[in-house]
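Summary of the model geometry
Given next are the chains, with one letter for each unit.
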Amino acid sequence: MDIKKLIDEVEQINSGLYQKDFLLTWEKSESALRRVLQVADILREMRMQNISPKVFDSGLAVSIFRDNSTRTRFSYASAANLLGLEVQDMDEQKSQIAHGETVRETANMISFLTDFIGIRDDMFLGEGNKYMREVGEALDDGFAKGVLPVRPGIVNLQCDMDHPTQAMADLLHLKHEFGSLENLRGKKLVMSWAYSPSYGKPLSVPQGIIGLMSRFGMDITLAYPEGYELIPEIVDIAKHNARNSGGNFKIVNSMKDAVQGADIVYPKSWAPFHIMQERTKLLKAGDKQGLDALEQTCLAENAKYKDWEYNENMQKLTKDKDALYMHCLPADISGVSCKEGEVAGKTFEQYRIKTYHEAGFKPYIIAAMMFTNRFEYPVQVLKSILERANKRVLY
Amino acid sequence: MDIKKLIDEVEQINSGLYQKDFLLTWEKSESALRRVLQVADILREMRMQNISPKVFDSGLAVSIFRDNSTRTRFSYASAANLLGLEVQDMDEQKSQIAHGETVRETANMISFLTDFIGIRDDMFLGEGNKYMREVGEALDDGFAKGVLPVRPGIVNLQCDMDHPTQAMADLLHLKHEFGSLENLRGKKLVMSWAYSPSYGKPLSVPQGIIGLMSRFGMDITLAYPEGYELIPEIVDIAKHNARNSGGNFKIVNSMKDAVQGADIVYPKSWAPFHIMQERTKLLKAGDKQGLDALEQTCLAENAKYKDWEYNENMQKLTKDKDALYMHCLPADISGVSCKEGEVAGKTFEQYRIKTYHEAGFKPYIIAAMMFTNRFEYPVQVLKSILERANKRVLY
Amino acid sequence: MDIKKLIDEVEQINSGLYQKDFLLTWEKSESALRRVLQVADILREMRMQNISPKVFDSGLAVSIFRDNSTRTRFSYASAANLLGLEVQDMDEQKSQIAHGETVRETANMISFLTDFIGIRDDMFLGEGNKYMREVGEALDDGFAKGVLPVRPGIVNLQCDMDHPTQAMADLLHLKHEFGSLENLRGKKLVMSWAYSPSYGKPLSVPQGIIGLMSRFGMDITLAYPEGYELIPEIVDIAKHNARNSGGNFKIVNSMKDAVQGADIVYPKSWAPFHIMQERTKLLKAGDKQGLDALEQTCLAENAKYKDWEYNENMQKLTKDKDALYMHCLPADISGVSCKEGEVAGKTFEQYRIKTYHEAGFKPYIIAAMMFTNRFEYPVQVLKSILERANKRVLY
């Protein structure tokens, strides 16, 4: 692809991304989202054509993972490294935070030579996103008072509300699969609950998907068994977005009904909203027994819906029997990673490589979030990278 | 600030820093200390003016943390990264050291392409500094015998005796607050014990402060409740330094008496010297019961001195009721990180941002220690960095 | 040394190394092995002469350590850093692999911007090397299907069969000690079992040594007490290699007999093959009791052979009483790291620095494996590095 042409397509507008944290996609304008996708594509194309987009000669990209991660951890590390930053993990176990140190202090202490802080905090409902904002306020304060030479940008690597790097990578995947964002208008996307033998999966992926995909005129169906609601405020946002973008949004309680004629299906398990609320209370109280009891109840409840598996029979009902299957991975694959799960082995295998492509956009989405946060005029910077033409690998 | 001017101010003397480990400030000449401060200021100013002082194209900066750390860990990582080195943490849990490997061997094994080793080892009295010297001797041997292409420099990131990166960052903070090192002459600095609900805090910070600040003609008062002595040899060094530099050094047993007319106060908890000796014995013996008993005794002893809190009443007694409050952080802040602690919440808040500024000098102090260890003629190297004028961030 | 001359000595042949994983030395042609040694020497010489061979402007070198490591961990990090890659450790504890994620998936997920994956997996007989191949197939698939922009190379950092970075570093050490590979023809090398108070040491080092050294016309003696057999197939490979290269290979059951007139001795403990098989079964079954019982039996069995210590008496029997002593380190040194072990304290001390030199080749061997995997025409790339003449340290 012609990188120069891609750069020329980037609108020279004020996207509102400059020096703003990327915490929730629904806080960003549509043009901001388009810009992140465009910059991601450009950085990806540069990497493929052996042009190094390194813009930092030094600097740290701090990561704070309050939950396990593979994909996002490596995506963040890759993005930082591509731009020239070194990842420094803030391992709360090895730090002095246990001393009762305050967030406002720690945020500054790790940021003297830091350009970005990536945070995953998705365990406690009502907390993850709040924590990121607390960190942000502390950084604002530190920067305003001359403690920090730059205000490090925050990248939300998954919270209780949204998983914006995932949702944006998913959107970029759709853009590539369907040719353009415009081609997504009117396409039917089904975000469906699916059965999993595990428990307590965060809500951030389904919420992120309906919150973002509803911005582009798509026909969204959210499907789940009764009781498996998402956070109501976020469902309202999705409804509002759909109306505004000329799309549609509806909720149904049957996977079979949902997938009829679907262009895109995203079958994925999650825990019901009210269970996550209860779980948050128990986690905070450190009530191990209560948590075990809750887990048993939930697994029993889940087990009623084993027929919420995406498989050949479901697939047959979709558009041309070939809806694009999506997943944030790892999926619970029946007969592969569990006995019965979210998706049949045969069906997953059919779309497996596509899910890998989907995942492959995440490093570039994160790099684009960093890039647009950092540069007021990203177009100029991209042009100068292209002119400079440093090679990523010498050969 | 004019960087060229700052560089011109650096004396072209033999500071004795070249290829010498930085283990104790009192082993360094006054001109060496001045030079580290100057180079730190220059590197800091370069970073602020978007000039990259990267002098290594590759190389490792190993870190060995035998105790928790946030500030120092990030400071070391930042310093290494600024100069172009990659931090590689030596996690003794994941290594083969448990096999009974010797220090002289490990020191060489991790150093084949290593430029610096930063070590924190502050748990055992009589051990941390000794361990650093053992590592140093092993490196000397390896270098002399052609095992190592360069002799990696050692940076003391806190030991049982001194915390030189902290004390030097504190001194640089004072230089900025008071305008120059010369302006510190005659200023009254109080290093005072303060109450903490925790136990076993190392002695290295108070020792580092009295050992260093006594070099610059200051009027030092060390204050603690009877029984909370520091290592006697180090107190002797401070006395000697004070005499030599035309300053003063005295010990009192009342915080109230101590802070009268003070220009600078540094209220911080520590464990009594003899307790640390006993604790070291118990730790070595792995005597869990003995340690628990000792902790109880100590906490009970500590609790007698809850009035050693730095607060409004204390502050009133200081020079213009506004002595500069210092702390290495995190502080035990009454009503914030604990019920009753080293400093009143309101008082801490008043100087909070200043303590952040204080902490912010540490990365540059470490970078300056590395820089002056590595280059025989740092002035020339700094000049060539300035002429080269590589940008840290491309824009 | 004249680097230009070293480069000119590298044959311009198709070595078969380009884009091939380095998993077992016996899968590589002799010319391939020679090339790796030559490139390692050139990269080492460049580093010594302050020429930076950085060929990557960004990119990750992932490491997966399923067993403890110090030397190899730092060697891999050093090699990656020297060439411009950033190490990102894949800590399986902090990842989502526990979810039942498949190898083929994880391999791709960590590789979107990755150039190399280094793997240590030496705990389970019949598994480590197999796992590396599984990862390799997944990467082939991902690359073929456009998921990965490049096919990351795999470096075997020790498996159940071979320890190629160790054996190749050992061979490079021998090349330096004896002047050339040609000078190794006819030299007697003894790979001998030795007593250790520990249990379950992998077979990969002795297997790696006999598998590799038998390629160069050496006279190899493998010595162990009856019952301490290695994997039979690998012993067959060594026999075959010896015949092919005009060397010799024999097995004896006495260290004393073995070391007669030896030029080189490599005394090192390992667990018997059949014990490792049994241990693998128990480990897989999670049979803690069985493992403890097996350990007791083995230690008792080991204890019968305490006279398998390499010491002054053994040394006397070697060529000129001065056979080159080798070890992969850390050694079990009698009176130093254990009461009774593989080697007498005095004897080890005599050759200690030489073993450090031996270890010092490993970073360059790994870098050379990466370099020859990545570049089809390494000679041209080396020449352009030399012409470019970037300094590693600015001064």
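Residues numbered from 1 in each chain as written. Chains lettered and ligands numbered in written order. Predicted model: local features only at pLDDT ≥ 70, side-chain atom pairs only at ≥ 80, totals over all residues.

Overview of the interface of chain A and chain B
Each partner contributes to the interface: chain A provides 29 residues, whereas chain B provides 31 residues. Here the residues of the side of chain A that touches chain B sort into twelve nonpolar, eleven polar and six charged. (Contact = placed C-beta atoms within 7 Å. Nonpolar A, V, L, I, M, F, W, Y, C, P; charged D, E, K, R; others polar.)

Things to note about the interface of chain C and chain B
With 31 residues of chain C in contact, the opposing surface of chain B contributes 28 residues. Those elements that place two or more of their residues in the side of chain C that touches chain B are α2 (30-48), α3 (71-83) and α13 (345-360) of chain C. (Helix = DSSP H or I, 4+ residues; strand = E, 2+ residues; numbered from the N terminus.)

Digging into the packing of α3 of chain C against helix α14 (residues 362-374) of chain C
Residues and elements named next belong to chain C. One way to put it is that α3 packs onto α14 with a least axis distance of 8 Å and a crossing angle of 50 degrees. Taken together, the axis directions place α3 and α14 in an arrangement best described as oblique. α14 is crossed by α3, and the crossing has right-handed handedness. Facing Arg71, Ser75, Tyr76, Ser78, Ala79, Leu82 and Leu83 of α3, the residues of α14 in contact are Lys362, Pro363, Ile366, Ala367, Met370 and Phe371. Counted by class, the contact of α3 with α14 contains nine nonpolar, two polar and two charged residues. (Axes fitted to C-alpha atoms, helices over the stretch in contact; angles between N-to-C directions. Parallel < 35°, antiparallel > 145°, perpendicular 65-115°, else oblique. Left-handed = near helix turned anticlockwise from the far one by under 90°.)

Structural notes on the sheet that holds strand β5 (residues 188-192) of chain C
Residue and element names in this part refer to chain C. Strand order across the open sheet formed by five strands is β7-β6-β5-β8-β9, with parallel pairing between neighbours. Looking at the sheet topology across the chains shown, the edges are occupied by β7 (248-252) and β9 (324-325). Pairing analysis gives five bridges linking strand β6 (residues 219-223) to β7, with the strands arranged parallel. Considered in β7, the bridge of Leu222 is made with Ile251. Along the sheet face, helix α7 (residues 204-213) touches β5, β6 and β8 (264-267) and points at about 160 degrees away from the line of β5. (Pairing = 2+ DSSP bridges.)

So, the relation of the copies chain C and chain B
With an RMSD of 0.0 Å, the fit of chain C onto chain B corresponds to turning through 120 degrees and sliding 0.0 Å along the axis. In short, the pair behaves as if placed about a three-fold rotation axis. Of every C-alpha in chain C, the one belonging to Glu86 of chain C sits nearest the axis of rotation, 4.7 Å from it. Each copy contacts the other with its own distinct surface, as only 3% of the interface residues of chain C are interface residues in chain B too. (Least-squares fit on C-alpha atoms with pLDDT ≥ 70 in both.)

Some words on the environment of Asn183 of chain B
Relative to the elements of secondary structure, Asn183 of chain B occurs in the loop between α6 (164-178) and β5 (188-192). Along the sequence, Asn183 of chain B and Leu317 of chain B sit 134 residues apart, while their C-alpha atoms lie 22 Å from each other.

Re the packing of helix α10 (residues 273-285) of chain A against helix α11 (residues 288-303) of chain A
Residue and element names in this part refer to chain A. Closest axis-to-axis distance for the α10/α11 pair is 9 Å, and the angle between their directions is 160 degrees. In terms of orientation, α10 lies roughly antiparallel with respect to α11. You can see that α10 and α11 cross each other, and the crossing is left-handed. Of α11, the residues touching α10 (which contributes Ile275, Glu278, Arg279, Leu282 and Leu283) are Gly290, Leu291, Leu294 and Cys298. Among the residues forming the contact of α10 with α11, the class breakdown is six nonpolar, one polar and two charged.

Focus: the sheet that holds strand β6 (residues 219-223) of chain A
Read from one edge to the other, the open sheet built from five strands follows the order β7-β6-β5-β8-β9 (chain A), with strand pairing classed as parallel. Looking at which strands have only one partner, the edges of the open sheet turn out to be β7 (248-252) and β9 (324-325) of chain A.

So, the relation of the copies chain A and chain B
In summary, the two copies of the chain are related to each other by a rotation about an axis coupled with a shift along it. You can overlay chain A on chain B at an RMSD of 0.1 Å; the transform is a turn of 120 degrees with a shift of 0.0 Å along its axis. In this assembly the copies use different faces: only 3% of the residues contributing to the interface of chain A also contribute to that of chain B.

Focus on the domain arrangement of chain A
Residues and elements named next belong to chain A. Parsing chain A into structural domains produces domain 1 (3-161 + 362-388) and domain 2 (165-359). Each of domain 1 and domain 2 was reduced to a C-alpha centroid, and the two centroids are 26 Å apart. Counting residues at the interface gives 25 residues for domain 1 and 25 residues for domain 2. At the level of secondary structure, the elements contributing two or more residues to the side of domain 1 that touches domain 2 comprise α2 (30-48), α3 (71-83) and α14 (362-374). With six residues, α2 is the largest single contributor of residues to the side of domain 1 that touches domain 2. Residues belonging to the side of domain 1 that touches domain 2 are distributed by class as follows: 14 nonpolar, five polar and six charged. (Domains from an automatic or database assignment.)

Side note on α7 of chain C
Residues and elements named next belong to chain C. The buried fraction of α7 is high, at ten of ten residues. For α7, the full list of buried residues reads Ser204, Val205, Pro206, Gln207, Gly208, Ile209, Ile210, Gly211, Leu212 and Met213. Contacts from the buried residues of α7 go to α6 (164-178), β5, β6, α8 (232-244) and β8. (Buried ≥ 20, exposed ≤ 12 C-beta atoms within 10 Å, placed from the backbone.)

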